[in-house]
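Here's the letter readout for the chains.
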Amino acid sequence: MELRGRDVILRTVAIDDAPALAAILAEPEVARWWGVFDLDRVVADLVRGGPGETPLVIEHDGEVIGYIQAVEEEEPDFRHAGIDLFLRTDAQGRGLGPDAIRTLAIELIDRRGHHRLTIDPAAGNTRAIAAYAKLGFRPVGVMRAYQRMTDGRWADALLMDLLADELVR
Ligand SMILES: CC(C)(COP(=O)(O)OP(=O)(O)OC[C@H]1O[C@@H](n2cnc3c(N)ncnc32)[C@H](O)[C@@H]1OP(=O)(O)O)[C@@H](O)C(=O)NCCC(=O)NCCS
């Protein structure tokens, strides 16, 4: 699978991508929000993934600069899709994250028929919250002690959601 954004390409992750993804996750600016991943965990969680997951690498100028996944809930009465992502430190702050999210959101809404998307940044991740709000995601509420951080403490997260016609395309 390959999805084209304005400046990024999203393509299905391959086992050969695991070392590059592990190197990105080892960067302090990424590990701070995603936690500790060795190569085995990258393969298990990000390459193989679980049911309902669509794992993709983010490419820019022919290089892997990050990772994005959709997690689809297919129970008909609760149908929606969640999105998670990270970008290499030197690719952050250039609008490439919103480009990747917009591209995946268009696939989920227009082609897979989702009416609602969610994303759940740590409550202290102000850049992530700003990036998602720019695309039309709205804060729903704070999920307390939701995510264990690298220092072992449980941190709050902000649940954000977006209905299909709210996506800023
Ligand atoms: C979060 C992330 C996906 C955002 O993607 P990005 O391409 O870096 O985002 P942008 O460049 O569009 O920046 C988003 C907005 O936040 C603002 N911003 C940048 N740094 C900020 C900061 N430290 N605090 C608050 N806002 C900030 C920018 O001004 C920008 O808005 P603007 O375009 O109107 O100026 C990316 O930075 C990333 O992967 N970070 C590390 C891992 C991570 O946090 N993943 C998300 C976990 S939920």
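All values derive from a computational prediction rather than experimental measurement.

## Some points on the overall build of the protein
Step number 1: Counting its secondary structure elements, the protein contains five helices and eight strands.
Step number 2: Taken from N to C terminus, the helices and strands of the protein fall in the order β-β-α-α-α-β-β-β-α-β-α-β-β.
Step number 3: The C-alpha radius of gyration of the protein comes to 15 Å, within 12% of the 15 Å expected for a compact globule of 169 residues.
Step number 4: Here the C-alpha coordinates of the protein stretch approximately 35 × 35 × 30 Å along the principal axes.
Step number 5: Within the protein, the fraction of its 169 residues that count as buried is 46%.
Step number 6: Sequence separation of 24 or more characterises 60% of the internal contacts of the protein that already satisfy a separation of 6 or more.
Step number 7: Carbon and sulfur atoms make up 51% of the accessible area of the protein, which totals about 8,700 Å².

## A look at the site of the ligand
Step number 1: Near the ligand you find 22 residues, and of these Leu87, Gly93, Gly97, Asn125 and Lys134 are the closest.
Step number 2: Protein chains shield 71% of the accessible area of the ligand, which is 940 Å² for the free molecule.
Step number 3: The cavity where the ligand resides is the largest pocket.
Step number 4: When residues of the shell around the ligand are traced back to their parent elements, those giving at least two are helix H2 (28–34), strand S5 (80–87), helix H4 (96–111) and helix H5 (126–134).
Step number 5: Across the shell around the ligand, the residue classes tally to twelve nonpolar, six polar and four charged.

## With respect to the pairing of S5
Regular strands place their side chains on alternate faces of the sheet.
Step number 1: Across the eight residues that make up S5, a large majority, six, are buried.
Step number 2: Taking the residues that link successive antiparallel strands as the turn, the strand S4 (residues 63–73)-S5 hairpin has six residues.
Step number 3: With two bridges connecting them, S5 and strand S6 (residues 116–119) associate as parallel partners. What sits directly across from Ala81, in S6, is Leu117.
Step number 4: Each parallel crossover has a hand, and for S5 linked through H4 to S6 it is right-handed.

## Concerning unusual backbone geometry
Step number 1: Its identity is not glycine, yet Asp61 carries a phi of approximately 50°, on the positive side.
Step number 2: Along the chain, Asp61 falls in the loop between strand S3 (53–60) and S4.

## Some words on the sheet that holds strand S2 (residues 9–12)
Step number 1: Spatially, S1-S2-S3-S4-S5-S6-S8-S7 is the arrangement adopted by the eight strands of the open sheet, whose pairing is mixed. Edge strands, defined here as strands with exactly one partner in the open sheet, are strand S1 (2–4) and strand S7 (138–148). The average undirected angle you get between the axes of adjacent strands in this sheet is 25°.
Step number 2: Alignment of S6 against strand S8 (residues 154–163), held across four bridges, turns out to be antiparallel. Its bridge partner lying in S8, Arg116 is registered against Leu163.
Step number 3: Contacting S3, S4 and S5, helix H1 (residues 18–25) crosses the sheet at an angle of about 95° to S4.

## With respect to the environment of Gly82
Step number 1: Its location among the elements puts Gly82 in strand S5.
Step number 2: For the pair Gly82 and Asp110, spaced 28 residues apart in sequence, the C-alpha to C-alpha distance is 15 Å.
Step number 3: With sequence-adjacent residues up to four places away left out, Gly82 is seen in contact with Gln69, Ala70, Val71 and Thr118.

About the criteria used
- Residues numbered from 1 in each chain as written.
- Predicted model: local features only at pLDDT ≥ 70, side-chain atom pairs only at ≥ 80, totals over all residues.
- Heavy atoms only, no water.
- Helix = DSSP H or I, 4+ residues; strand = E, 2+ residues; numbered from the N terminus.
- Rg over C-alpha atoms; globule rule 2.2 N^0.38 Å.
- Buried < 20%, exposed > 50% of the residue type's maximum accessible area, 1.4 Å probe, protein only.
- Contact = heavy atoms within 4.5 Å.
- Areas by Shrake-Rupley, 256 points an atom, 1.4 Å probe, with all protein chains shown as cover.
- Near = heavy atom within 4 Å.
- 1 Å grid on protein atoms, 1.4 Å probe; cavity = no way out; pocket = protein on both sides within 12 Å on 5 of 7 lines; lining within 4 Å.
- Sits in = over half its atoms within 2 Å of the grid points.
- Nonpolar A, V, L, I, M, F, W, Y, C, P; charged D, E, K, R; others polar.
- Pairing = 2+ DSSP bridges.
- Right-handed = clockwise from strand over helix to strand, strands pointing away.
- Axes fitted to C-alpha atoms, helices over the stretch in contact; angles between N-to-C directions.

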